[in-house]
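Residue-level structural notes
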Amino acid sequence: MHVNSEELERMRSEGVGLERLNALVELAWRRSVKDSEATLRLIAEALADVGHIPDRDGNAAATLLTARALFIRGFCLIDSGDEAEGKRVTEEAIRLQSTMDDPLGKAENFSKAATLYWACNRRDQSLQFLYAGLLQIDVHRCDAPELKGQILLTIGQQYRRDAEYDLAFEYCLNAIDCLERGRDHFQLFVAYVYIAGTYLDLERWDDARPLIERSMALSKQQNLRKNSAWPTLQMGGLYLGQQDYKRAMEHFERALSLAEEYHDLTIAAAIYQQKGNYFFKRDDCESARVWYQRALAELSKPVDLLQRCKVRLNLIFALVGLERYKEALAHATDVLLETRSKGFKEHEATCHDLLAQIYKAQSRYEDALRHKELSHTLRREIFDHHKFGRIETLRREREFRAMRERLELENIQRRQLEEQNRQRSYHLSSMSLALAHKNHLLQSLSEGLNEACRARGRRRSDLLDGLRTELGQMQEPDLAWRNFEEEFATLYPDFFSRLRQRAQGLTNSESRVCALTQTGLSVKEIAHVLFVSESAVLKMRSRIRRKLGLLRPQNLAAFLATL
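Residues numbered from 1 in each chain as written. Predicted model: local features only at pLDDT ≥ 70, side-chain atom pairs only at ≥ 80, totals over all residues. Heavy atoms only, no water.

1. Some words on the overall build of the protein chain
We apply this condition: Secondary structure follows DSSP: runs of H or I at least 4 residues long count as helices, runs of E at least 2 residues long count as strands, and numbering of each begins at the N terminus. Note on classification: 1.4 Å probe, protein chains only; a residue is buried when its accessible area is under 20% of the maximum for its type, exposed when over 50%, partly exposed between these limits. In what follows, residue pairs with any heavy atoms lying within 4.5 Å of each other are defined as contacts. Computed with the Shrake-Rupley method and a 1.4 Å probe, the accessible areas treat only the protein chains shown as cover for residues.
For the protein chain, the helix and strand inventory stands at 26 helices and zero strands. Relative to its full complement of 563 residues, the protein chain shows a buried share of 43%. Considering only contacts within the protein chain whose residues lie at least 6 apart along the sequence, 59% involve residues at least 24 apart. Working note: accessible area of the protein chain is about 30,600 Å², and carbon and sulfur atoms make up 50% of it.

Structure follows, in structure tokens:
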């Protein structure tokens, strides 16, 4: 629901029924990460409203919103420490979704739940929800390129965090393929920027350049000037990595002017950090220190602890280069506490290396050796964790692919069973038509014979002649065939019109043979329904094949199924 918060508040106060419920759930989702208590109050208000919506059990939209509200409530409970209750509510949301016949709605709910659980570092649960949403789209063959692209991109981002670059790029590039088929240009822009940033981190300059250029072109075409600072900054980082310092600084300045124009503090901090990197690579540690400190000043406003930690580590490198060990030691001590509390082990290991370097410069060799050993221990833990994580990732991928194959197989079997049941119904309808025709014929014959038996002379001869004429006419049971054709048209609309387009000059009998063949009847059964011999049916089929232009190996029934 793409409306601003003021409009949502108005709908909350003035709306009724689904409109108000939608506003409450959307407000709760937007506030969930920042304020759990306020979110829980909104969810309680939304769940109370559900009971007042008429025919709630038959209302798919109300069920969808109720399940989404329960996902949000489960997230808030887990985030606040009530793990057992949070899991129970989440399972309740999943059970409620199982009653819905709306794969896209389920996929959207799972995607939103994954976003929330990722925010509270529940990465395994987040991936489970993402895979569940992806299964809904893939197995049911839903045409939802934007939603599928967002889910694939988020999965790729998670694997990027786990340093699983092969899987990350596989999902991210598939996300771009989906988003390019959709209309969400901003999400496509985000995908370009994110994947280009990943290539830059890996120093894969040639792979990053085309994505950066595509994101810059898209920002111009779709009037995304407010966001165009990101690809401009990335292009500067690319030139910096290629040691083209003049072009790098030109792009940094351009990106900075865009960030200042739109008061984007986060990107301004990123630009300051890149400028610091620029001067640090040119061994100008003093200028690097100034820009790193400016980046830290901007990062104190938005809450981005990981980015702030990276900038402070860069600042410590600059201070060590300036031999300002006392100041560097103060920063390193603070960063060590921050990384340890937040679980940033790689940065904690880097911080121990810096402390070892500082203590060595101050001739405090015992402290330097202690921090070097701590760094070595942490890096061994990180290596073991990545090794175990790789095994878990491969296991999760195998489970996901096996589940998708199993569900697809179940869908194929279900469709085959439906087709078999449909064929049986066609067969029964054809047999019913033949039986009705037979009963009608027998009744007419019985009445005619009775009357002929009672008559004498010329009267009997006339009745017998009339009976023979009637028998000839009844071999074309118009009423029964009209009923059959009406039923056939509901199952195969436009069949006869397409048949006539392909083969002009078909007789009524030949058209009926085609229709009966389409219902799955054999030659013998068709002869029984039409009251003709099997050889006559075979001759009609031969004429039909000739009029359709079919070659001898081609199957008539298979061809008719394509009409």
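2. Here we look at the packing of aromatic side chains
For any pair of aromatic rings, geometry is given as the distance between the ring centres together with the angle between the planes. Rule in force here: Stacked, edge-to-face and tilted labels apply to pairs of Phe, Tyr and Trp rings (six-membered ring for Trp) whose centres lie within 6.5 Å, assigned for plane angles under 30 degrees, over 60, and everything in between, in that order.
For the coordinates displayed, the defined rule picks out 13 aromatic pairs. Residues F75 and Y117 carry aromatic rings whose centres are separated by 6.0 Å and whose planes lie at 75° to one another, so their mutual orientation is edge-to-face. Of this pair, F75 sits in helix 4 (residues 60-79) while Y117 sits in helix 6 (residues 103-119), and the two are 42 residues apart along the sequence. Y117 carries the same exposure label as F75, and that label is buried. Here the aromatic rings of Y245 and Y278 are separated by 5.7 Å at their centres, their planes lie at 70°, and the arrangement is edge-to-face.

3. Remarks on the pattern of salt bridges
This is how the line gets drawn: Salt bridges are defined as contacts in which a side-chain nitrogen from Lys or Arg sits within 4 Å of a carboxyl oxygen from Asp or Glu.
Applying the stated rule across the entire model yields 23 salt bridges. A salt bridge links R88 to E92; the nearest nitrogen and oxygen atoms lie 3.5 Å apart. Here R88 pairs with E92, and both are found in helix 5 (residues 83-98), just four residues apart, close to one helical turn. Judged by relative accessible area, which is 30%, E92 ranks as partly exposed. Across the pair R340 and E348 runs a salt bridge, and its minimum N-O distance is 3.3 Å. The buried category is assigned to E348, whose relative accessible area is 8%.

4. Regarding unusual backbone geometry
Residues other than glycine seldom take positive phi values, yet E323 does so here, at roughly 60°. By the element assignment, E323 lies in the loop between helix 16 (305-321) and helix 17 (325-342). Note on E323: relative accessible area 57%, which makes it exposed. Even without a glycine there, the phi angle at S363 is positive, about 60°. Here S363 lies in the loop between helix 18 (345-361) and helix 19 (365-454).

5. Thoughts on the packing of helix 8 (residues 145-161) against helix 9 (residues 165-181)
For clarity, the threshold we go by: Every axis in this analysis is a line fitted to C-alpha atoms, fitted for helices over the stretch in contact. Angles between the N-to-C directions lie between 0 and 180 degrees. Comment on the angle field: the value is read as roughly parallel under 35 degrees, roughly antiparallel over 145, roughly perpendicular from 65 to 115, and oblique elsewhere. Should the near helix be turned counterclockwise from the far one by less than a right angle, the crossing is left-handed, whereas a clockwise turn marks it as right-handed. Residues are grouped as follows: Ala, Val, Leu, Ile, Met, Phe, Trp, Tyr, Cys and Pro are nonpolar; Asp, Glu, Lys and Arg are charged; all remaining types, including Gly, are polar.
Where helix 8 meets helix 9, the closest approach of the two axes is 7 Å, and the angle between their N-to-C directions is 160°. The orientation of helix 8 relative to helix 9 falls into the category roughly antiparallel. The chirality of how helix 8 crosses helix 9 is left-handed. Counted together, P145, E146, K148, G149, Q150, L152, L153, I155, G156, Q157, Y159 and R160 of helix 8 and Y165, L167, A168, Y171, C172, N174, A175, C178, L179 and R181 of helix 9 form the full contact between these two elements. Grouping the amino acids of the contact of helix 8 with helix 9 by side-chain chemistry returns 13 nonpolar, five polar and four charged.

6. Focus on the side chain of S126
The test is simple: Whenever two N or O atoms come within 3.5 Å, that pair is a polar contact, provided that in protein one can donate a hydrogen and the other can accept it, and provided that, for residues adjacent in sequence, both atoms are side-chain atoms.
Among the secondary structure elements, S126 is positioned in helix 7 (residues 123-139). Here S126 falls in the buried class, since its relative accessible area comes to 0%. At a separation of 2.7 Å, a polar atom in the side chain of S126 contacts the side chain of Q158. Residue contacts for S126: discarding those within four places in its chain leaves A114, Y117, W118 and Q158.

7. Focus on the environment of A349
Mapped onto the elements, A349 comes out in helix 18. Accessibility expressed as a relative area gives 0% for A349, which makes it buried. Sequence separation between A349 and H371 is 22 residues; the distance between their C-alpha atoms is 8.9 Å. Ignoring any residue separated from it by four or fewer positions in sequence, one finds A349 in contact with S375, L378 and R379.

8. Remarks on the environment of E170
Within the secondary structure, E170 is located in helix 9. Taking C-alpha positions, E170 is 9.9 Å from I155, a pair spaced 15 residues apart along the chain.

9. Some details on the side chain of R289
Positionally, R289 belongs in helix 15 (residues 285-299). According to the relative accessible area criterion, R289 is buried, its value standing at 11%. Only 2.4 Å separates the side chain of R289 from the side chain of E286, close enough to count as a polar contact. If we ignore the near neighbours within four places in the chain, the residues touching R289 are L315, A318, L319, L322 and R324.

10. Brief notes about helix 6
Note the threshold: Here the expected span of a helix is defined as 1.5 Å times the quantity of residues minus one.
Helix length check: helix 6 (17 residues) gives 25 Å between terminal C-alpha atoms against 24 Å at 1.5 Å per residue, within 8%. Most of helix 6 is tucked away: twelve of the 17 residues are buried. Those residues of helix 6 that fall on the buried side of the exposure criterion are P103, G105, K106, A107, N109, F110, S111, K112, A113, A114, L116 and Y117.

11. Remarks on the packing of helix 23 (residues 508-518) against helix 24 (residues 523-530)
Closest axis-to-axis distance for the helix 23/helix 24 pair is 10 Å, and the angle between their directions is 130°. With respect to each other, helix 23 and helix 24 are oriented oblique. The way helix 23 lies across helix 24 gives a crossing that is right-handed. Two secondary-structure elements touch here, helix 23 through V513, L516 and T517 and helix 24 through I526, V529 and L530. Class assignment of the residues belonging to the contact of helix 23 with helix 24 gives a composition of five nonpolar, one polar and no charged.

12. Considerations on the environment of R340
Here R340 lies in helix 17. Judged by its relative accessible area of 47%, R340 is partly exposed. Excluding its chain neighbours within four sequence positions, the residues that come into contact with R340 are E348 and H352. Within the structure, the side chain of R340 is placed 3.3 Å from the side chain of E348, a separation counted as a polar contact.

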